[in-house]
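# Structure at a glance
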Amino acid sequence: MKNMISRVVDAVLCGAAHALTVLAVVFLVMPLFVVVIVSFNSTTVIFPPRDWSLVSYMQIPQVAVDTFLRSLVLGLCCATLSALLCVPAAIAMVKSNLRGKALIEAALRSPLQFPAIILGVAILQYFYFWQGALAIPLVGTFMGLLIAHTIYTFPFVLVPTIARLSALSGQYDEAAAGLGAGPLTTLIRVIIPLMRPGIIAGMFMSFIMSFEDVAVTMFLAGSKMTTFPVYLFGSAEVSNTPGLYAVASLGSLTALILVLLVERFIGIRTVLSKG
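Throughout, a residue's number is its position along its own chain's written sequence, starting from 1. Selection of residues for local features in this predicted model requires a pLDDT of at least 70, selection of side-chain atom pairs for listing and counting requires 80 or more, and totals for whole chains, interfaces and linings are taken over all residues. Side-chain calculation: all heavy atoms of the structure are included, whereas hydrogens and water are not.

## Notes on the overall build of the protein chain
- For the purposes of this entry, the term helix denotes a DSSP run of H or I that reaches at least four residues, the term strand denotes a run of E that reaches at least two, and both are numbered from the N terminus. Helix and strand content of the protein chain: 12 helices and zero strands.
- Mapped from its N terminus to its C terminus, the protein chain presents α and β elements in the order α-α-α-α-α-α-α-α-α-α-α-α.
- Computed over the C-alpha atoms, the radius of gyration of the protein chain is 24 Å, more than 25% above the 19 Å expected from 2.2 N^0.38 for a compact globule of 275 residues.
- With respect to the three principal axes, the spread of C-alpha positions in the protein chain is 80 × 70 × 30 Å.
- In the protein chain, which comprises 275 residues, the proportion classed as buried is 32%.
- Contact definition: two residues touch when any of their heavy atoms are within 4.5 Å. Within the protein chain, contacts between residues separated by at least 24 positions form 71% of all contacts whose residues are at least 6 apart in sequence.
- Think of it this way: Lys and Arg go in the positive column, Asp and Glu in the negative one, and His and the chain ends go nowhere. The atom standing in for a charge is NZ when the residue is Lys, CZ when it is Arg, CG when it is Asp and CD when it is Glu. Looking at charge distribution, the protein chain has the averaged site of its 15 positive side-chain charges lying 8 Å from that of its 10 negative ones. We compute the radius of gyration from the C-alpha atoms alone; for a globule the expected value is 2.2 Å times N to the 0.38, where N is the number of residues. Each residue is assigned to one of three classes by its accessible area relative to the maximum for its type, calculated with a 1.4 Å probe on protein chains only: buried under 20%, partly exposed between the two thresholds, exposed over 50%.

See below:
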């Protein structure tokens, strides 16, 4: 009798857990589903559409395409630059006997501690200072956006890279040294390949954070360097048309394709693993 009651309780709890999981997934996916469905309206924004049409997709403005490509290139450059900076920083934090490592690491992680909008204002004032001192244009330029996004996303690469490197045993260094490998050879052919999951995870997060950023970018973009999220934000403030939802749907489709490619060739669990 007790075994039967236990099995019934387990079955009820299991069913409730499955139901809650389904509800959570529906809750998270529903806004995206609504955006995609609304994009098939012809003239007015109605859910569900009264007359299904692809007119909104055929009338996507060129400025939307330009901002999308700019954000894509910016995200890729930001992820690459952040990885190039974070790998030596992570090695220094974990492998060296550098004094004040805890303080330095806290400083490198500091962009995570501030709201993005405050970081955007701070970077704007920082750029104005250097523009006045060196006459180098930064605000409203691609280089300025790249520097700002790298500052913003740097900790997202640093944290998983340090976590992955910290999880590696010192036996790898000893084994490589025992086989005659020097420090540089060990670093390039042993340590960095073993760090790859952490590096890839950080680059993935860096790209996503750069591609979707509004709070930092809106202070620095200017009229000629608008990014895709800032364009969507500005367009949503002045109009509510099916074309806006069509552009947002294409952006979401791109993000989905990126996730599927990562899952196909690397694996989401590998990317999001910290060790």
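## Focus: the pattern of salt bridges
- By definition, a salt bridge exists where a carboxyl oxygen of Asp or Glu is found within 4 Å of a side-chain nitrogen of Lys or Arg. Here the structure, examined in full by the defined rule, presents one salt bridge.
- Linking arginine 109 and glutamate 105 is a salt bridge whose minimum nitrogen-to-oxygen distance equals 2.6 Å. Here arginine 109 pairs with glutamate 105, and both are found in helix 4 (residues 101–109), just four residues apart, close to one helical turn.
- Given a relative accessible area of 25%, arginine 109 falls into the partly exposed group.

## Comments concerning the packing of aromatic side chains
- Side-chain rings of Phe, Tyr and Trp (the six-membered ring for Trp) are treated as a pair once their centres are within 6.5 Å; stacked means planes under 30 degrees apart, edge-to-face means over 60, and tilted covers the remaining angles. Here the structure, examined in full by the defined rule, presents 10 aromatic pairs.
- Where phenylalanine 68 meets phenylalanine 211, the ring centres are 5.9 Å apart and the plane angle is 90 degrees; that geometry is what we call edge-to-face. Of the two residues, phenylalanine 68 sits in helix 3 (residues 62–95) while phenylalanine 211 sits in helix 8 (residues 183–212), which places them 143 residues apart along the sequence.
- Given the relative accessible area of 17%, phenylalanine 68 is considered buried.
- With a centroid separation of 5.4 Å and an interplanar angle of 80 degrees, the aromatic rings of phenylalanine 68 and phenylalanine 228 are classed as edge-to-face.

## Quick look at the confidence of the model for the protein chain
- Of all residues in the protein chain, 90% have pLDDT values of 70 or greater, and the mean over the chain is 81.
- The pLDDT score gives, residue by residue, the confidence of the prediction method on a 0 to 100 scale. Across the protein chain, the secondary-structure element scoring lowest on mean pLDDT is helix 12 (residues 268–272), at 59, and the one scoring highest is helix 3, at 88.

## Comments concerning the packing of helix 5 (residues 116–134) against helix 6 (residues 142–167)
- Put simply, helix 5 and helix 6 touch, their axes get as near as 11 Å, and they point 135 degrees apart. Considering the angle they form, helix 5 stands oblique to helix 6. Between helix 5 and helix 6 the crossing geometry is right-handed. Between helix 5 and helix 6, the contacting residues are Ala116, Leu119, Ile123 and Phe127 on the first element and Gly144, Ile147, Ala148, Ile151 and Tyr152 on the second. To obtain each axis, a line is fitted to C-alpha atoms, and for helices this fit is confined to the stretch in contact; angles are then taken between N-to-C directions over 0 to 180 degrees. Each angle is binned into one of four classes, with values under 35 degrees roughly parallel, values over 145 roughly antiparallel, values of 65 to 115 roughly perpendicular, and all other values oblique. Each crossing gets its handedness from the near helix: less than a right angle anticlockwise from the far helix is left-handed, clockwise is right-handed.

## Side note on the nonpolar core
- In terms of nonpolar packing, the biggest core is built from 17 residues, with Ile123, Phe127, Leu145, Ala148, Tyr152, Val216 and Leu220 touching the most fellow members.
- The dominant element in this core, judged by the number of residues it contributes, is helix 5, at five residues.
- In contact with leucine 220, other than residues within four places in its own chain, are Ile123, Leu124, Phe127, Val139, Gly140, Leu145 and Ala148.
- Grouping buried Ala, Val, Leu, Ile, Met, Phe, Trp, Tyr and Cys residues that are joined through side-chain atoms within 4.5 Å yields what is termed a nonpolar core. By size, the runner-up hydrophobic cluster in this structure holds 10 residues, among which are Ala64, Phe68, Phe207 and Phe211.

## Regarding the packing of helix 3 against helix 10 (residues 228–238)
- Where helix 3 contacts helix 10, the axes come no closer than 7 Å and their chain directions differ by 145 degrees. Contacts between helix 3 and helix 10 involve Val63, Ala64, Thr67, Phe68 and Ser71 on the former and, on the latter, Phe228, Pro229 and Tyr231.
- In this classification, Asp, Glu, Lys and Arg are treated as charged, Ala, Val, Leu, Ile, Met, Phe, Trp, Tyr, Cys and Pro as nonpolar, and every other residue, Gly included, as polar. The residue inventory of the contact of helix 3 with helix 10, partitioned by class, reads six nonpolar, two polar and no charged.

## Focus on the state of the cysteines
- Note on terminology: pairs of cysteine sulfur atoms within 2.5 Å are recorded as disulfides. Following the criterion strictly, the structure yields zero disulfides and no others.
- As a non-bridged cysteine, cysteine 77 has cysteine 78 as the owner of its nearest cysteine sulfur, 8.7 Å distant.
- A residue is classified by how much of its surface remains accessible, and cysteine 77, at 30% relative accessible area, is partly exposed.
- Here cysteine 86 stays free of any disulfide, with the sulfur of cysteine 78 as its closest cysteine sulfur at 9.8 Å.
- What makes cysteine 86 buried here is its relative accessible area of 0%.

## Brief notes about the environment of alanine 248
- Among the structural elements, alanine 248 can be located in helix 11 (residues 242–265).
- When the C-alpha positions of alanine 248 and phenylalanine 228 are compared, they lie 9.3 Å apart, and in sequence the two are 20 residues distant.
- Ignoring anything within four residues of it in the chain, the contact list for alanine 248 reads Val35 and Leu232.

## Structural notes on the side chain of aspartate 213
- Within the secondary structure, aspartate 213 is located in the loop between helix 8 and helix 9 (217–220).
- It is arginine 70 that comes nearest to the buried, bridge-free aspartate 213 among opposite-charge side chains, at 13 Å.

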